[in-house]
Amino acid sequence: MVKLIIDDREVEVPEHTTILDAAASVGIKIPTLCYLRDLNEVGACRVCVVEVEGIDQLVAACNNYVLDGMVVRTNSNKARIARKTNVEFLLSQHDSECTSCTRSGNCSLQSLANDLGITDLPFSKHLEGFKSDPSFPLIRNNDKCIKCLRCIQICEKVQGTGVWDLTSRASHTVVNVAGGKKLSETDCALCGQCITHCPTGALRARDDTERVFDALADPDKICLVQIAPAVRTSWGESLGLSRGEATVERLATALRMMGFDYVFDTNFSADLTIMEEGSELLERIKKAGEPGGENIKFPMFTSCCPGWIRYVKSHYPDMLDQVSTSKSPQQMFGAVAKTYYADALGVDPSKVFCVSIMPCVAKKSEAALPTMVGENGEPDVDVVLTVREVDRMVRASHIDATSIEEQELDQPLGFGTGAAVIFGATGGVMDAALRSAYYLATGENPDPDAFSGVRGLGGWKEKTFDLAGTPLRVAVAHGLGNAHRLIEALRAGEVSYDFVEIMACPGGCVGGGGQPIHDGCELAGERGDVLWGLDAASEVRFSHENPSVKLVYDDYLDHPLSERAEELLHTDHTAWSMGK
């Protein structure tokens with residue numbers, strides 16, 4: 001153990017503890033800006049500098065270890081003035097139009113400047129003036145970049161895609177797209193992790209709220225909205241609601257107050273996805289055992305995560321034929337809404353305006369794909385909103401989310417099972433698929449918790465289950481860095497699987513790039529627990545028992561993998577190009 005003094009307090013901590021952590025252990029908070037534990041501990045911003053007795057220059061608390069007998073002053077006059085000056089330098093190269101910034105009120109730089117009492121800037125402003133394509137789902141504004149390097153680290157170390165890099169030299173050094181490409185020309189998966197880990201508004205998702213407000217005001221439009229599973233874990237975080245209060249039924253009330261005609265649940269189409277994808281897996285296994293089946297490749301990969309689809313297209317295009325052809329729940333919902341439900345309403349599909357609320361940035365790109373359109377050429381899903389966007393719409397509509405009552409979702413597309421709600425957590429798609437695959441193979445339901453071995457936050461999990469006497473080897477990975485390791489092991493022949501679930505974002509959709517931002521906090525585990533709890537409390541925990549799904553098959557689709565189901569609910573991943 002190491003003994004030292006921090007701000008006149010005696011502190012005892014293990015060796016190799018940083019000054020930052022040692023101070024935190026006794027309740028002393030040293031401000032940081034660029035710091036991200038285990039990812040970005042470079043001390044680039046110099047905001048965490050402290051004074052150490054016997055050392056002339058200030059030292060960064062985030063990456064310097066404590067020593068026995070060390071005396072540290074975290075807020076001496078010297079440290080405070082340096083800290084304030086460093087932030088003033090950052091602000092001299094920062095677009096401080098905070099009122100029009102999506103991160104206003106939730107910006108680490110803004111909070112720090114306020115805490116330090118910065119009211120005037122002693123340095124002249126110098127802005128680069130670079131902004132990326134505003135039509136792309138991910139937008140970069142370098143005038144708000146503070147060169148903290150977080151986006152570079154998260155993209156490289158966690159996601160393994162290396163989209164961002166330092167460009168130019170010396171005083172002209174900036175963070176930008178590696179290789180000088182346009183962002184739309186890169187292999188960006190649009191996972192959005194760079195957005196949620198940026199301390200300022202330098203990175204954001206394209207805002208589509210005005211398109212939705214316009215549609216709501218159009219008397220000729222019938223506005224439907226679907227709510228993704230992971231949304232119910234997070235939408236209340238910035239609106240003063242606890243997780244218990246932020247129910248999907250309360251959100252439904254808020255959406256109807258905004259003007260939506262029908263509020264539905266993506267859980268419905270998640271159950272539909274399981275029926276199609278589970279049937280597809282069993283069909284693939286069956287054909288593999290028939291003459292000529294040796295040409296069928298395994299594993300089959302899940303297809304509900306558009307970030308993963310973009311990743312496999314750009315990094316492993318030769319494996320696209322192993323990805324399920326089933327559309328994602330978002331796109332299945334849109335296809336059903338503009339055919340089956342439009343028929344039920346007796347309206348032309350062109351009058352239906354379909355909005356989805358997703359924890360995801362890549363969903364914006366997915367909805368705009370040329371393969372995700374109906375017979376009339378119009379998109380199945382018209383607009384995708386992130387959770388952050390819908391929260392802004394709630395505030396813009398002057399709705400007090402803490403005071404409204406709960407309302408049930410509309411039917412028949414508003415019912416989902418426990419198997420569907422866990423789609424938002426890593427392992428959830430696999431768990432749900434195995435429950436129904438077991439039933440489809442045996443005619444009997446398994447214990448709904450029989451496949452719990454695929455749950456948890458392990459980056460790469462693998463299990464073997466018995467499926468009607470046949471061993472089924474499965475794996476689950478979340479975070480594209482883990483997906484890379486898994487695929488490389490597959491290609492090297494080190495592992496072998498039949499079915500693999502991959503989610504681009506760490507923790508799954510609950511950790512998605514469209515979720516509310518809490519700087520320095522990783523909430524995927526906490527949010528995921530909400531979904532697993534909802535599943536456990538659900539009266540119906542098997543997708544094949546969803547009465548609304550049964551109704552749609554009986555009335556419209558006939559059966560999984562039918563001709564109509566193939567037409568509406570499946571897609572060709574090779575029929576579009578990245579950047580589109």
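Residues numbered from 1 in each chain as written. Predicted model: local features only at pLDDT ≥ 70, side-chain atom pairs only at ≥ 80, totals over all residues. Heavy atoms only, no water.

A.B. asks: Can you tell me about the pattern of salt bridges, naming the residues and giving the values?
C.D. replies: On inspection of all chains with the given rule, the structure shows 26 salt bridges. In this structure, the salt-bridge partner of D265 is R232, at a minimum N-O distance of 2.7 Å. Linking D265 in strand β11 (residues 262-265) with R232 in the loop between β10 (222-227) and α7 (248-258), this pair joins segments that are 33 residues apart in sequence. No difference in accessibility class separates D265 from R232, as the two residues are buried. D535 serves as the salt-bridge partner of R435, at 2.8 Å between the closest nitrogen and oxygen. Placement of R435 in helix α14 (residues 428-442) and of D535 in helix α16 (residues 524-537) is noted, with a sequence separation of 100 residues between them. Just as R435 is buried, D535 falls in that class too. One network of salt bridges, with partners in common, ties together D431, R435, D449, R455, D535 and R541. (Salt bridge = Lys/Arg side-chain N within 4 Å of Asp/Glu carboxyl O. Helix = DSSP H or I, 4+ residues; strand = E, 2+ residues; numbered from the N terminus. Buried < 20%, exposed > 50% of the residue type's maximum accessible area, 1.4 Å probe, protein only.)

A.B. asks: I'd like a description of the side chain of T417, backed by residues and values.
C.D. replies: Summarising the element assignment, T417 is placed in the loop between α12 (387-396) and α13 (418-421). Residue classification places T417 among the buried residues on the basis of a relative accessible area of 2%. If we skip the residues at most four places from it in the chain, T417 touches D271, S538, V540, F542, S543 and N546. (Contact = heavy atoms within 4.5 Å.)

A.B. asks: Describe the side chain of N546, listing the residues and the values that go with them.
C.D. replies: Here N546 shows up in the loop between α16 and α17 (547-557). A distance of 2.8 Å separates polar atoms of two side chains, one belonging to N546 and the other to D271. A polar contact is formed between the side chain of N546 and the backbone oxygen of F415, at a distance of 3.1 Å. The contact partners of N546, leaving out residues within four places of it in the chain, are F268, D271, F415, G416 and T417. (Polar contact = N/O pair within 3.5 Å; in protein donor to acceptor, adjacent residues only side chain to side chain.)

A.B. asks: Before we move on, could you go through α17 and cite the residues and values that matter?
C.D. replies: Helical geometry note: an α-helix holds 3.6 residues per turn, so side chains three or four residues apart project in the same direction. Every buried residue of α17 is listed here: S548, V549, V552, Y553, Y556 and L557. Axial view of α17: buried residues confined to an arc of 140°, hence all on one face. In this structure, α17 carries D554 and D555 as exposed residues pointing more than 90 degrees from its buried face. On its buried side, α17 packs onto α8 (266-288), α10 (329-345) and α18 (563-569). Just downstream of α17 lies D558, where phi reads positive at about 80°. (Arc of directions from axis to C-beta.)

A.B. asks: Lay out the packing of aromatic side chains in plain terms, naming residues and giving numbers.
C.D. replies: One pass over the full model with this rule turns up nine aromatic pairs. Seen in terms of ring centroids, Y262 and Y341 are 5.6 Å apart; in terms of plane orientation they differ by 85°. Their pairing is edge-to-face. Residue Y262 is found in strand β11, and its partner Y341 is found in helix α10; the two are separated by 79 residues along the sequence. Judged by relative accessible area, Y341 falls into the buried class, the value being 6%. Centre to centre, the rings of F451 and F465 are 5.0 Å apart; their planes meet at 85°, and the pair counts as edge-to-face. Of this pair, F451 sits in the loop between α14 and β15 (460-467) while F465 is found in strand β15, placing the two residues 14 residues apart along the sequence. A relative accessible area of 5% means that F451 is categorised as buried. The exposure class assigned to F465 is buried, which follows from its relative accessible area of 12%. (Phe/Tyr/Trp six-rings, centres within 6.5 Å; stacked < 30°, edge-to-face > 60°.)

A.B. asks: Before we move on, could you go through the environment of A432 and cite the residues and values that matter?
C.D. replies: By the secondary structure assignment, A432 is in helix α14. A432 gets classed as buried once you look at its relative accessible area, which sits at 0%. Setting aside its immediate chain neighbours within four residues, A432 contacts I274, A419, I422 and F423.

A.B. asks: Quick one: what's the story with the pairing of β11, residue by residue and with numbers?
C.D. replies: Pairing of β10 with β11, which is carried by four bridges, proceeds in the parallel orientation. Across the sheet, residue I227 finds its bridge partner in β11, namely D265. Between β10 and its parallel partner β11, the chain crosses via α7, and the hand of that crossover is right-handed. (Pairing = 2+ DSSP bridges. Right-handed = clockwise from strand over helix to strand, strands pointing away.)

A.B. asks: A description of the sheet that holds strand β12 (residues 300-301) should follow, citing residues and the corresponding values.
C.D. replies: If you trace the four strands from one edge of the open sheet to the other, you get β12-β17-β16-β15, paired in mixed fashion. Where the open sheet ends on each side, the last strands, each with one partner, are β12 and β15. Sheet topology places β15 next to strand β16 (residues 470-478); eight bridges connect them, and they run antiparallel. By the bridge assignment for β16, F465 is matched with L472. Along the sheet, helix α15 (residues 480-491) makes contact with β12, β15, β16 and β17 (499-503), crossing β16 at roughly 140°. (Axes fitted to C-alpha atoms, helices over the stretch in contact; angles between N-to-C directions.)

A.B. asks: Quick rundown of the environment of C194? Include the residues and the values.
C.D. replies: Topologically, C194 is positioned in helix α5 (residues 193-196). In the structure, C194 is positioned 250 residues away from E444 in sequence and 44 Å away in space, judged by C-alpha atoms.

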